Amino acid sequence: AASAQFQLTVPVAVVFAPGSVPGDLPRPLPFRDVQEMEISVNLRTSITSHYEMVYRSTTAQEEAALDVATAREADAALHPLQDAALGSLTMYVVPETSSLLPEGISVYVGKHRSALVRAGGGLAALRTRLQQLAQVMSFTASSITAALSDRVPDSRLGPDARRHLKSSLGYEITFSLLNPDPKSHAVNWDIEDAVNRYVQPVLDKLSLLANFSVDSQILYYAVLGVTPRFDKESSSFLLSAHSLPHVINPVEARLGSSAASLYPVLNFLLYVPERSHSPLYIQDKDGAPVSTNAFHSPRWGGIMVYNVEAPTSPQASLPLHVDVDMVRVMEVFLAQLRLLFGLSREELPPEFLLESPGNEGLADWELDRLLWAHTMENIATVSTTLTSLAQLLDKIGNIVIKDDVASEVYQAVASAQSAMAKLATGHLHSAFQASKEAVTSSERAFFDPSLLHLLYFPDDQKFAIYIPLFLPMAVPILLSLAKIVREARQRKKEPTKMD
């Protein structure tokens, strides 16, 4: 793909509370400072990230907001006072002796786009901590290389790089309840209420990223493709880690076609084992039981096994009525959803404390992390699509490119350039929107119907069509020509008669 030089700019406000200003500041507050980081992806793609730091003192309102008992209360009180622009960060430096941060914690990351940092050491130590924090809350070298994974050699990618979903304009989420033994179990799940309460708040937050559609289904007599092993000690059935990949294919055949979908489909399956295989537990690679009794498959979805309590009396009438505990199930599915979107939190030093995002499922800065990564991925996708289109059109000499295809290509290039310019000025939201428009235009150009039929029209096919039309007419013409040539030669040979 074409070479690209990206510049990513993150606006960061560093706000000093009274008593937290380091003694070795180079000049009086407020002042600006830029920290740079180079991320090498491959020979053709280079990324420079600029952290534009603005150092200043707290305002009276911010001081009042910091005058509370806990970091969580401070985070809530400071939220209305911050720059709400996507991708911007605010870091409040509190005195070393502050009781806002728990013992042993020097950095607290809130639910929004801000963090509390304990002062300590000089400016150099603070800068290092701030840069580490800015990377956690925006992008790291690994999150960017994962976003550009198609351009990066496998040896450079982390284990999670290919786990999460590719950037898309939309996603379809399907929740399926698999009941292989309806004669024994009448399973009831209130999926609509569970989706409204637990999934919808997360999707509302992610709606900036893409369009989501959610549906659910109950499948009867759908069995796993693997027979579980009976374990005498625990008198239960076990599915080992190495057999889990074989579980998905047979089940997928019953899920309904995802081939008809324009967008990636995420499958979340709740499996109630049949009575003859109950209870059923999943084991990890070391043979230990998996606490959630669930597993996920990268870029596909997840499966959770839900065991039914055996009836207390053997005379209990079948089918048993089962009400699924949706809170337990949704906890697992939401954790899997976070993994599939690459929202799993990276390993952090012990002095970092990250606030749980609560009911919304992801913090504002986590949404920004997704937007940074998806914007980069979209620009790379557009570059690859247009390069492929150019190579294709080069190979087909007689192709006619209609004006609307050409204008889509120009639009895609202009939008991609605009996205890169916006990234360089630190406008994440408009950069992401421009990158989405670029993807839409490039795909419209690539899949334009006017180009499609010419792709399957090679020269030998033309001969096959035209020869039957021209051959019947050509035969008498060729024979006549041959006869004329013969007669002309004959005439030359005959000597002219002399009287």
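As named in an unreviewed UniProt entry, the protein is PIGS transamidase, taken from Ardeotis kori. Taken from UniProt, the Pathway (unreviewed entry) comment for the protein reads in full: "Glycolipid biosynthesis; glycosylphosphatidylinositol-anchor biosynthesis." Among the UniProt annotations of the protein, the heading Sequence similarities (unreviewed entry) holds the following wording: "Belongs to the PIGS family."

Time to look at the domain arrangement of the protein. As assigned here, the protein comprises domain 1 (5-149), domain 2 (170-341), domain 3 (367-451) and domain 4 (457-498). Once you take the C-alpha centre of each, domain 1 and domain 4 turn out to be 85 Å apart.

Here the focus is the nonpolar core. Core analysis: the biggest nonpolar cluster contains 90 residues, and Ile47, Leu133, Phe175, Leu270 and Phe341 have the highest contact counts within it. With sequence-adjacent residues up to four places away left out, leucine 133 is seen in contact with Met91, Val107, Val109, Ala115, Val117 and Phe352. Formed by 20 residues, the second largest nonpolar core is a distinct cluster that contains Leu178, Leu224, Val247 and Val305.

Now for the packing of helix 8 (residues 364-395) against helix 10 (residues 428-446). Helix-helix packing is characterised by the crossing angle of the two axes and by the distance between the axes. Following both chains from N to C, one finds helix 8 and helix 10 inclined at 30°, their axes separated by 9 Å at the closest point. When the interaxial angle is binned, helix 8 and helix 10 end up roughly parallel. The element helix 8 and its partner helix 10 pack so that their crossing is left-handed. Contacts between helix 8 and helix 10 involve Asp368, Leu371, Trp372, His374, Thr375, Asn378, Ile379, Val382, Thr385, Leu386, Ser388 and Leu389 on the former and, on the latter, Leu428, Ala431, Phe432, Ser435, Lys436, Ala438, Val439, Ser442, Ala445 and Phe446.

With that settled, the discussion passes to the layout of surface pockets. Of the voids in this model, the second largest pocket is the one considered here, and its volume is about 550 Å³. As for the second largest pocket, its lining consists of 22 residues, and the residues nearest its centre are Ser167, Ser168, Leu169, Val439 and Glu443. Among the elements of the structure, helix 8 and helix 10 are those that each provide at least two residues to the lining of the second largest pocket. With five residues, the top contributor of residues to the lining of the second largest pocket is helix 8. Here the residues of the lining of the second largest pocket sort into nine nonpolar, seven polar and six charged.

Parameters and conventions
Residues numbered from 1 in each chain as written. Predicted model: local features only at pLDDT ≥ 70, side-chain atom pairs only at ≥ 80, totals over all residues. Heavy atoms only, no water. UniProt positions renumbered as here; feature names shortened; annotations may be inferred. Domains from an automatic or database assignment. Core = buried A, V, L, I, M, F, W, Y, C linked by side-chain atoms within 4.5 Å. Buried < 20%, exposed > 50% of the residue type's maximum accessible area, 1.4 Å probe, protein only. Contact = heavy atoms within 4.5 Å. Axes fitted to C-alpha atoms, helices over the stretch in contact; angles between N-to-C directions. Helix = DSSP H or I, 4+ residues; strand = E, 2+ residues; numbered from the N terminus. Parallel < 35°, antiparallel > 145°, perpendicular 65-115°, else oblique. Left-handed = near helix turned anticlockwise from the far one by under 90°. 1 Å grid on protein atoms, 1.4 Å probe; cavity = no way out; pocket = protein on both sides within 12 Å on 5 of 7 lines; lining within 4 Å. Points joined across faces, edges and corners; volume = space filled by probe spheres on them. Nonpolar A, V, L, I, M, F, W, Y, C, P; charged D, E, K, R; others polar.

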